[in-house]
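Examination of the molecular architecture
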Number of protein chains: 2
Amino acid sequence: MINKFSLEEILKNKGYKLTQQRKVIIDVLGNSNGPHTANEIYSLVNDKNSGINFSTIYRNLELLVRLGIVRKLNLSNGYNHFELTGEKHHHHVICNKCGEVKEIDICPFMDMDERDKLEEIDFQPTEHKFEIYGLCSRCRNKE
Amino acid sequence: MINKFSLEEILKNKGYKLTQQRKVIIDVLGNSNGPHTANEIYSLVNDKNSGINFSTIYRNLELLVRLGIVRKLNLSNGYNHFELTGEKHHHHVICNKCGEVKEIDICPFMDMDERDKLEEIDFQPTEHKFEIYGLCSRCRNKE
DNA sequence: ATGATATTGCAAATAACTTGCAAAGACATA
DNA sequence: TATGTCTTTGCAAGTTATTTGCAATATCAT
Ligand SMILES: [Mn+2]
Ligand SMILES: [Mn+2]
Ligand SMILES: [Zn+2]
Ligand SMILES: [Zn+2]
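Residues numbered from 1 in each chain as written. Chains lettered and ligands numbered in written order. Predicted model: local features only at pLDDT ≥ 70, side-chain atom pairs only at ≥ 80, totals over all residues. Heavy atoms only, no water.

Turning next to the domain arrangement of chain A. All names here are of chain A. Each domain of chain A was delimited in the assignment, giving domain 1 (1–87) and domain 2 (88–143). Here domain 1 and domain 2 have C-alpha centroids that lie 23 Å from each other. Taken together, the contact pairs 12 residues of domain 1 with 10 residues of domain 2. Surface buried jointly by domain 1 and domain 2 totals about 870 Å² across both partners, of which 46% is contributed by carbon and sulfur atoms. When the buried surface of domain 1 facing domain 2 is broken down by residue, Arg71, Leu75 and Glu87 rank first, second and third, together holding 42% of it. In this structure, the connection of domain 1 to domain 2 is made through one salt bridge. Where Glu87 meets Lys88, a salt bridge forms, and the shortest distance between an N and an O atom there is 2.9 Å. Per-element tally for the side of domain 1 that touches domain 2: the top contributor is strand β1 (residues 70–74), with three residues. Tallied by class, residues from the side of domain 1 that touches domain 2 come to three nonpolar, six polar and three charged. (Domains from an automatic or database assignment. Contact = heavy atoms within 4.5 Å. Buried area = accessible area lost by both parts, 1.4 Å probe. Salt bridge = Lys/Arg side-chain N within 4 Å of Asp/Glu carboxyl O. Helix = DSSP H or I, 4+ residues; strand = E, 2+ residues; numbered from the N terminus. Nonpolar A, V, L, I, M, F, W, Y, C, P; charged D, E, K, R; others polar.)

Encoded structure:
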């Protein structure tokens, strides 16, 4: 979980300012269990705060992604989701019915065999994505 | 590679018709090495054929995805890509610079440990995504 | 060849996201 | 605390991938 101090430090280091809007966006993401769409973040932000504009949300999410504070997930349901990067590398399972997203700490990329394969094709990896889609327990039990 | 007969069969089985447009779209995908965006498919299709409309491309890609003939990839570069499902299960490496997409036959999901984890959280998987992003050999050598 | 039904092309509508610009805010400095 | 510089915001308009309604057309079983 990112705290006020490290956030302020990271921003100022690069000449960015710690605005109210940025604080609220980070706060909302920090108090969330899973990742959220820009729409959801907009709602959450405007619940606890005065009106922050959509373009401000988007611009800041993009900035925070560039700074490594936020991760952007292109989920197959068609919506981009955002979450705090956090300290531990992880991936997600996504319910096709209700859209719920759960974290899993499995990472297939740490497997040695796979890295070898990449050297074969001379590909230099920077990031990777692993997602499992299906039905969560609640949705499965509903008929 | 899907042939004329199985395609016709699959379509007619469900009351769909084998139109010229569908033949050309499948043909283009079949003659491609990697997955393509709707835009690319539109160009490829209209090279070898008279004008097929964009909405026809989209409607048919969606249908073919529903029928399991085509797979839709939501790549992190922001563009949806489409490819024939093919016979062998596989995943992709994507170059962040030039956008090239290569197939890899590694599948991390076949790993037993991972499936066990899913049972723990009571999640019934239907499909999964594994993609590696980075720099291809050509782009890495260019400065 | 005919008729029922699915499909196409076209143009307009969505919806997510981006951008230009003037007004407002942050913050280093005095 | 007041000032000035530079960043950021809100707003409105623009962009772009994708979807949709509908009348005209193609497919296919008979
Ligand atoms: Mn997460
Ligand atoms: Mn492929
Ligand atoms: Zn990983
Ligand atoms: Zn797999």
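As a further point, take the coordination of the manganese ion (ligand 1). Residue and element names in this part refer to chain A. Coordination sphere of the manganese ion (ligand 1), protein contribution only: Glu83 (OE), His90 (NE2), His92 (NE2) and Glu103 (OE), at 1.9 to 2.4 Å. Between the donor residues of the manganese ion (ligand 1), the gaps in sequence give the motif E-x6-H-x1-H-x10-E. Residues Glu83 and His92 agree in their burial class; the two are buried. (Donors = N, O, S within 2.8 Å, 3.2 Å for Na, K, Ca; no water. Buried < 20%, exposed > 50% of the residue type's maximum accessible area, 1.4 Å probe, protein only.)

Attention shifts here to the protein's contact with DNA strand C. Close to DNA strand C lie 22 residues, the nearest being Tyr58(A), Asn80(A), Lys17(B), Arg22(B) and Thr56(B). Of all atoms in DNA strand C that approach within 4 Å of the protein, 72% are sugar or phosphate atoms. Between DNA strand C and the protein, one listed contact pairs a phosphate oxygen with a backbone N or O atom of Leu18(A) at 3.1 Å. At 2.4 Å from a phosphate oxygen of DNA strand C is found a side-chain nitrogen or oxygen belonging to Thr56(B). Where the surface near DNA strand C is concerned, the elements lending two or more residues are α4 (54–66) of chain A together with α2 (20–30) and α4 (54–66) of chain B. Counted by class, the surface near DNA strand C contains five nonpolar, 11 polar and six charged residues. (Near = heavy atom within 4 Å. Polar contact = N/O pair within 3.5 Å; in protein donor to acceptor, adjacent residues only side chain to side chain.)

Time to look at the protein's contact with DNA strand D. Near DNA strand D lie 23 residues; those nearest to it are Arg22(A), Thr56(A), Lys17(B), Tyr58(B) and Asn80(B). Within 4 Å of the protein, the atoms of DNA strand D are drawn from sugar and phosphate moieties in a proportion of 71%. Here a sugar or linking oxygen of DNA strand D sits 2.9 Å away from a polar atom, N or O, in the side chain of Gln21(A). Of all elements in the fold, only α2 (20–30) and α4 of chain A together with α4 of chain B reach the threshold of two or more residues within the surface near DNA strand D. When residues in the surface near DNA strand D are grouped by element, the largest group, four residues, is from α4(A). Among the residues making up the surface near DNA strand D, the classes are represented as six nonpolar, 11 polar and six charged.

In this complex, chain B contributes 34 residues to the contact, which on the side of chain A involves 34 residues. Across the interface of chain B and chain A, roughly 3100 Å² is buried in total on both sides, 58% from carbon and sulfur atoms. It is Phe123(B), Gln124(B) and Lys129(B) that lose the most area in chain B upon contact with chain A, and together they represent 19% of the buried surface on that side. Counting the contacts that link chain B with chain A gives four salt bridges. Of the charged contacts, one joins Lys129(A) and Glu131(B) as a salt bridge, the two residues approaching to 3.8 Å between their closest N and O atoms. Summed over the shared surface of chain B and chain A, the result is 20 residue pairs in polar contact (both at pLDDT 80 or more). For the side of chain B that touches chain A, the secondary-structure elements that each account for two or more residues are β3 (91–95), β4 (101–104), α5 (112–120), β5 (124–135) and α6 (137–141) of chain B.

Turning our attention to the packing of α2(B) against α4(B). Residues and elements named next belong to chain B. The contact between α2 and α4 brings their axes to 10 Å, and the two run at 70 degrees. With respect to each other, α2 and α4 are oriented roughly perpendicular. For the pair α2 and α4, contact is made by Gln21, Arg22, Ile25, Ile26 and Leu29 and by Thr56, Ile57, Asn60, Leu61, Leu63 and Leu64, respectively. Split into classes, the residues belonging to the contact of α2 with α4 amount to seven nonpolar, three polar and one charged. (Axes fitted to C-alpha atoms, helices over the stretch in contact; angles between N-to-C directions. Parallel < 35°, antiparallel > 145°, perpendicular 65-115°, else oblique.)

When chain B is brought onto chain A, the operation consists of a screw motion whose angular component is 179 degrees and whose axial shift is 0.0 Å, with 0.1 Å RMSD remaining. Taken together, the rotation and translation describe the operation of a two-fold axis. In terms of C-alpha distance to the rotation axis, chain B has Phe130(B) as its closest residue, with the C-alpha 2.3 Å off the axis. Looking at the interface residues of chain B, 100% of them are also at the interface in chain A, so both copies use one shared face. (Least-squares fit on C-alpha atoms with pLDDT ≥ 70 in both.)

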